[in-house]
Amino acid sequence: MSRQLLRITQTFGTQPFSVTTALDAGFGRGALRNRTLTRPHRGVRTACEVDPSLVSRAIALRPKLRPGDRFSHATALALLGCPLHVAPGTPVDVASAPGTTPMRRAGVAGHRTTNGLALELQVPAGLWTNESALGLPVSLPADAVREAATMLPGPELVVALDSLLHRGPAHFDNAVAILSEHLMEDLRAARRTRGAVRLSIALRLARHGAESRLETLLRLIGESVGISDLMTQGAIRTVYEEIGRFDLTDEATRSFFEYDGAQHRTSRTQYLRDIARYDGARDAGWRGLRFHAEDVLLMPDRTAARMLVRLGREPERIPRSVAKFLSEGRTSSLEPAAPRQR
């Protein structure tokens, strides 16, 4: 490592920095052209690799934010921890302060805003950065959902809402307590905003209880054929004890549906716990179906048919607007907005 590069690393660590800041700190332009440095955005350098995810590209843009700029729309939702999937190369959303020109640069979607409020979100250390937590200005949760309502495919909007409802106030910065009932009230009040119809549909479809993106998508597959009365995280009990909670349950037919993620196979503890739950549910007179990612993402029609057969129902026609909303985007062609955990 050259002496200049060593100095850069000692000064900025692995966090992104602007070329202007480095020049002001006494570094020459030659040092900033070092091929070892990554260039995630024009005028930005970093000593570590930046993966192509939306969240990583947003964090790398931080040195170029102007006073009053904030991450907004789908980018804000991803930074708030919503497990969104987006199209590859989706630009980073930045809303600018009222009266200022929206940001215009490659890889960025600049937005005008009339709302100057922002939340200093503390990104958890070690999750998306290698050093201490970063303070990132983002839209408040309800604002971010409203902003993204016209841009995200319908299922992704419901994924975001389910995530916000599930996480509760502990998920957000200590400076702002976001209660699920307040979030829903704020969103229902947005009747005249752009995307209000889509937002209304998403609110009707959102539920408390979903603990993962694939759980929400599995539930929405049922919604697409009229299965709208399943209990999320329903508890199955005997007279003596609670056997466990299951992703989706139907008391009338004593049926349950589970999304079986990778952790159910890679964790021995989880695997044994699942066996005990399934055996207990069967002994109590319940029958269930377990689905995998391929069932949810690649074969939704077959999955919906299996759910209907298990419940002994025929498919129901749902409103055309809801059917169109649920069919938006091909979830199998999208990629995680946040970097994959290693």
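Up top is the structure these notes are about.
Below is a short write-up of the structure. (Residues numbered from 1 in each chain as written. Predicted model: local features only at pLDDT ≥ 70, side-chain atom pairs only at ≥ 80, totals over all residues. Heavy atoms only, no water.)

A closer look at a nonpolar patch on the surface
A surface patch of nonpolar side chains, about 250 Å² in accessible area, is lined by Tyr271, Leu272 and Ile275. On the secondary structure map, Tyr271 appears in helix 12 (residues 268-283). Look at Tyr271 and you get partly exposed, because its relative accessible area is 38%. (Patch = residues over 30% accessible without salt bridge, like charges linked within 9 Å, V, L, I, M, F, W, Y side chains within 5 Å. Areas by Shrake-Rupley, 256 points an atom, 1.4 Å probe, with all protein chains shown as cover. Salt bridge = Lys/Arg side-chain N within 4 Å of Asp/Glu carboxyl O. Helix = DSSP H or I, 4+ residues; strand = E, 2+ residues; numbered from the N terminus. Buried < 20%, exposed > 50% of the residue type's maximum accessible area, 1.4 Å probe, protein only.)

Looking at the packing of aromatic side chains
Counted by the stated rule, this structure contains six aromatic pairs. Ring centres of Phe12 and Phe17 lie 4.0 Å apart, and the angle between their planes is 10 degrees; this geometry places the pair in the stacked category. According to the relative accessible area criterion, Phe12 is buried, its value standing at 15%. Overall, Phe17 belongs to the buried group, its relative accessible area being 3%. Each residue in the set Phe12, Phe17 and Phe27 is aromatic and connected to the rest through ring pairs, giving one cluster. (Phe/Tyr/Trp six-rings, centres within 6.5 Å; stacked < 30°, edge-to-face > 60°.)

Description of the nonpolar core
Side chains that are nonpolar tend, in soluble globular proteins, to be buried together. Core analysis: the largest hydrophobic core is formed by 63 residues, its most contacted members being Phe71 and Leu77. No other element matches the seven residues that helix 7 (residues 154-167) contributes to this core. Ignoring sequence-local partners within four residues, the contact set of Leu77 consists of Cys82, Leu84, Pro141, Ala144, Val145, Ala148, Leu152, Ala160 and Leu164. In terms of nonpolar packing, the next biggest core, distinct from the first, is built from ten residues, Phe12, Ala22, Phe27 and Leu32 among them. (Core = buried A, V, L, I, M, F, W, Y, C linked by side-chain atoms within 4.5 Å. Contact = heavy atoms within 4.5 Å.)

Overview of the packing of helix 9 (residues 196-205) against helix 15 (residues 320-327)
Two elements in contact, helix 9 and helix 15, have axes separated by 11 Å at closest approach and are oriented at 85 degrees. As summarised for this structure, helix 9 and helix 15 are arranged roughly perpendicular, according to the angle between their axes. Contact with helix 9, carried on its side by Arg198, Ile201, Ala202, Arg204 and Leu205, involves Ser321, Val322, Phe325 and Leu326 of helix 15 and no other residues of that element. Residue composition of the contact of helix 9 with helix 15, grouped by class: six nonpolar, one polar and two charged. (Axes fitted to C-alpha atoms, helices over the stretch in contact; angles between N-to-C directions. Parallel < 35°, antiparallel > 145°, perpendicular 65-115°, else oblique. Nonpolar A, V, L, I, M, F, W, Y, C, P; charged D, E, K, R; others polar.)

Describing the packing of helix 10 (residues 213-223) against helix 14 (residues 300-311)
The interhelical angle for the contact between helix 10 and helix 14, taken along N-to-C directions, is 70 degrees, at an axis separation of 9 Å. Considering their axes alone, helix 10 and helix 14 lie roughly perpendicular with respect to each other. Contact residues: helix 10 offers Leu218, Ile221 and Gly222, while helix 14 offers Pro300, Thr303, Ala304 and Met307. Of the residues that constitute the contact of helix 10 with helix 14, the class distribution is five nonpolar, two polar and no charged.

Observations concerning the pairing of strand 9 (residues 231-237)
Where burial is concerned, most of strand 9 is hidden: five out of the seven residues are buried. Sheet topology places strand 9 next to strand 10 (residues 242-250); six bridges connect them, and they run antiparallel. Pairing of Gly234 across the sheet is with Phe246, part of strand 10. Between the end of strand 9 and the start of strand 10, which pair antiparallel, lie four residues. (Pairing = 2+ DSSP bridges.)

Some points on the sheet that holds strand 11 (residues 255-259)
On the basis of which strands lie adjacent, the open sheet formed by four strands has the order 9-10-11-12 and mixed pairing. A strand with exactly one partner marks an edge of an open sheet, and here the two such strands are strand 9 and strand 12 (287-291). Each neighbouring strand pair of the sheet contributes to a mean axis angle of 45 degrees, computed without reference to strand direction. Across the sheet, helix 12 lies against strand 9, strand 10, strand 11 and strand 12, angled at about 80 degrees from strand 10, the strand it touches most.

A word on the pattern of salt bridges
The final tally for this structure, using the stated rule, is 19 salt bridges. Notably, a salt bridge pairs Glu328 with Arg198, separated by 2.7 Å at the nearest N-O pair. In this pair, Glu328 is assigned in the loop between helix 15 and strand 13 (335-336) and Arg198 in helix 9, connecting sequence segments 130 residues apart. Between Arg245 and Glu242 there is a salt bridge, with the nearest N and O atoms lying 3.9 Å from each other. The class of Arg245 is partly exposed, set by a relative accessible area of 42%. One salt-bridge network, in which partners are shared between bridges, spans Asp162, Arg207, Arg219 and Glu223.

Observations concerning the side chain of Arg45
Structurally, Arg45 is set in strand 2 (residues 44-45). At 3.0 Å, the side chain of Arg45 forms a polar contact with the backbone oxygen of Leu32. Not counting the four nearest positions on each side in its chain, Arg45 is found in contact with Gln15, Pro16, Phe17, Val19, Leu32, Leu37, Thr38, Arg39 and Pro40. (Polar contact = N/O pair within 3.5 Å; in protein donor to acceptor, adjacent residues only side chain to side chain.)

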